[in-house]
Amino acid sequence: MADVQPFRGIRYTTDQGDDLSRLLCPPYDIISPALQRELHDSDPHNAIRLEFGLDSPGDSGDSNRYTRAAELLNEWLSNGVLSLDERPVFYLMREDFPHRGVRRQRHSIIARVRLEELTAEVILPHERTSPAPKRDRHALLTATQANLSPIMSVYRDRTGSVIRLINTVVDRAPIAEARHEDAYITLWSIHDEAETSAITAALEDAPIYLADGHHRYETALQYRDELRKAGATDGAHDYVMMSLLEITMPGLLMLPYHRLLRGLSEEQTADLWRRVEDNFVVQPVDPQGRDVGAYIEERLVEMEPGSLTFGLISSDGPSGYLLTVKDQPPPSSPSLARCVTWIVGHRLLTPLLASEPEAVDRGNLLYTHDPLEVSHCVAQGDYQFGMVLPHMPLDLFEQVVLSGGRMPIKSTYFCPKLPTGVVINRLT
């Protein structure tokens, strides 16, 4: 049973309706060095200084970007830049954003959720994780003792009660507004006891699927266990902040991450082509002067949802190819076997690279959600191969999660990413 509770969040101290735009930042895992510096210089109170501060030449184990984030968090609370809300609430966040020329909207409930072992089948993962991001987030969590950004999670509202409540709350006055990148964000507070109890009860029997934030969730488990081992009793460290989205919401977009490969030897390149010929029906494509990555993406979008086809772009071949699995798994096969990311990893990447996380660390493998970047990097000769993957149907995602399957890292890109700085959850 999921334990979803309101909490006293920490927020930027603003008057009702004040714009937070200059203070928010993206989550750490999509911040480039250039954007990190730009946001750091944009405002002395931008959340980047907590989420992903700059390293300094004299950093040590006792003084580094993690300890500076902790000091800043305390300083901003002391001088009034941040303030703790007076009572426990659920936060309702609405994001209005464009996608492929269409305005979309999604709502999420920001709450604290009791940590559960991943084997308990209450909080369900769908992707594998890698060590380096967990080390980074663990160092930040240990120093700040706070969830600086919410984990994005998905649930199914079988009764419709949460959606009905959301439709009521959005008619009220918001407590904050912001523009973040292309999205317009509106925040409401839900503090009525009957309403908060209704949300807790509605989500009690709903499995929660981790969408974005697997590393932070596993880090929160590790942090909780360390405190328990040190003698801590039950407390705020037994929970983690989540932003909960209903799975049937029209604005819930789950896009793919694409793959780029480089540093392959002649032998590995030949092996890749052999595996392509053995496992896939190969169809050359002619983009007719258009960008090949964007063209392949359009072709994949036009196909039947769940089609086991993806695009391959090679630096030494024609414009590109569509690859379709030869031995199509039947509908009764395990859900994981019907995921293109698993097929690509199982049949191509793992045999070639042994380990995707290690290949990332070596610089042989890069993930991107932009098909234009795939074709550009291959055309420039920076990478030998690019793989443009289709999006995964949400019902297949749910089947994988409920079956206990774990897809390769970077299998899904829930768009847009949740911003950091809207609400902070202190664990002390």
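What follows is about the pattern of salt bridges. One pass over the structure, following the stated rule, counts 26 salt bridges. We note a salt bridge from Asp271 to Arg274, for which the minimum N-O separation is 3.7 Å. Note that Asp271 and Arg274 are positioned in helix H8 (residues 266–279) at a spacing of three residues, about one turn of the helix. The class for Asp271 is buried, based on a relative accessible area of 17%. In this structure Arg274 comes out as partly exposed when scored by relative accessible area, which is 48%.

Glancing now at the packing of helix H9 (residues 292–302) against helix H12 (residues 371–379). Two numbers describe how H9 lies on H12: the axes approach to 7 Å, and their chain directions differ by 140°. In this view, H9 runs oblique relative to H12, as classed from their interaxial angle. As H9 runs across H12, the sense of the crossing is right-handed. In this structure, H9 contributes Val292, Gly293, Ala294 and Glu297 to the contact, and H12 contributes Pro371, Leu372 and Ser375. Class assignment for the residues of the contact of H9 with H12 results in four nonpolar, two polar and one charged.

This part covers the packing of aromatic side chains. Tallied over the full model, the rule gives eight aromatic pairs. Measuring from centroid to centroid gives 5.5 Å for Phe7 and Tyr91, while their planes differ by 65°, and the two rings are edge-to-face. Note that Phe7 is positioned in the loop between strand E1 (4–5) and strand E2 (10–12) and Tyr91 in strand E4 (residues 90–99), a separation of 84 residues in sequence. As far as burial versus exposure is concerned, Phe7 and Tyr91 are alike and both buried. Relative to Trp76, the ring of Tyr12 lies with its centre 6.5 Å away and its plane at 40°, an arrangement referred to as tilted. Taken together, the residues span a long stretch of sequence, with Tyr12 in strand E2 and Trp76 in helix H3 (residues 65–79) at a distance of 64 residues. Three or more aromatic residues link up through ring pairs in this structure, and these residues are Tyr209, Phe397 and Phe414. One residue, Arg112, lies across the ring of Tyr239, its end atom 3.9 Å from the ring centre.

Working definition: the strands of a sheet are paired by backbone hydrogen bonds and lie parallel or antiparallel to each other. A sheet is described by the order of its strands in space; here six strands give the open sequence E15-E17-E16-E19-E14-E18, paired in antiparallel fashion. Of all the strands in the sheet, the pair left with one neighbour each is strand E15 (280–285) and strand E18 (365–368). The average angle at which neighbouring strand axes cross in this sheet is 25°, direction not considered. In terms of strand pairing, strand E16 (residues 309–314) meets strand E17 (residues 320–325) through four bridges, oriented antiparallel. Looking at the pairing, Phe310 lines up with Leu323 of E17. Along the sheet, H12 contacts strand E14 (258–261), E16, E18 and strand E19 (385–388); its crossing angle with E14, the most-contacted strand, is approximately 15°.

Here we take up the packing of H8 against helix H10 (residues 340–353). Helix-helix packing is described using two parameters, namely the angle between the two axes and the distance between the axes. Contact geometry of H8 with H10 gives a least axis separation of 10 Å together with a crossing angle of 160°. When the axes of H8 and H10 are compared, the pair comes out roughly antiparallel. In the crossing of H8 with H10, the sense of the turn from one axis to the other is right-handed. Every residue of H10 that contacts H8 at Gln268, Asp271, Leu272, Arg275, Val276 and Asn279 is listed here: Arg347, Leu348, Pro351 and Leu352. Class assignment of the residues belonging to the contact of H8 with H10 gives a composition of five nonpolar, two polar and three charged.

This part is about the pairing of E17. Counting buried residues in E17 gives five out of six residues, a clear majority hidden from the surface. Across six bridges, the pairing between E15 and E17 is antiparallel. The residue of E17 that forms the bridge with Phe280 is Val325.

Taking 1.5 Å per residue, twelve residues should reach 16 Å; helix H6 (residues 193–204) reaches 16 Å between its end C-alpha atoms and fits that length. Among all positions of H6, only Glu195, Thr196, Ile199, Thr200 and Leu203 are buried. Around the axis of H6, the buried residues are gathered within 135° of arc, so they sit on the same side. In this structure, H6 carries Glu193 and Ala194 as exposed residues pointing more than 90 degrees from its buried face. You can read the cap of H6 off the contacts: a side-chain oxygen lies 3.1 Å from the backbone nitrogen of Ala194, and it is on Asp192.

This next bit is on H8. Here H8 contains 14 residues, and its C-alpha end-to-end distance of 20 Å stays within 8% of the 20 Å for a straight helix at 1.5 Å per residue. Among all positions of H8, only Thr269, Asp271, Leu272, Val276 and Asn279 are buried. Here the buried residues of H8 occupy an arc of 160° about the axis, which is enough to place them on one side. The outward face of H8, more than 90 degrees from its buried face, is lined by the exposed residues Glu266, Glu267 and Asp278. Where the residues of H8 are buried, they touch E14, E15, E16, E17, H10 and E19.

For the rest of this paragraph, the subject is the environment of His45. Structurally, His45 is set in the loop between helix H1 (33–42) and helix H2 (48–51). Look at His45 and you get partly exposed, because its relative accessible area is 28%. It is 25 Å that separates the C-alpha atoms of His45 and Asp96, two residues lying 51 residues apart in sequence.

About the cut-offs
Residues numbered from 1 in each chain as written. Predicted model: local features only at pLDDT ≥ 70, side-chain atom pairs only at ≥ 80, totals over all residues. Heavy atoms only, no water. Salt bridge = Lys/Arg side-chain N within 4 Å of Asp/Glu carboxyl O. Helix = DSSP H or I, 4+ residues; strand = E, 2+ residues; numbered from the N terminus. Buried < 20%, exposed > 50% of the residue type's maximum accessible area, 1.4 Å probe, protein only. Axes fitted to C-alpha atoms, helices over the stretch in contact; angles between N-to-C directions. Parallel < 35°, antiparallel > 145°, perpendicular 65-115°, else oblique. Left-handed = near helix turned anticlockwise from the far one by under 90°. Contact = heavy atoms within 4.5 Å. Nonpolar A, V, L, I, M, F, W, Y, C, P; charged D, E, K, R; others polar. Phe/Tyr/Trp six-rings, centres within 6.5 Å; stacked < 30°, edge-to-face > 60°. Lys NZ or Arg CZ within 6 Å of the ring centre and 35° of its normal. Pairing = 2+ DSSP bridges. Expected span 1.5 Å × (residues − 1). Arc of directions from axis to C-beta. Polar contact = N/O pair within 3.5 Å; in protein donor to acceptor, adjacent residues only side chain to side chain.

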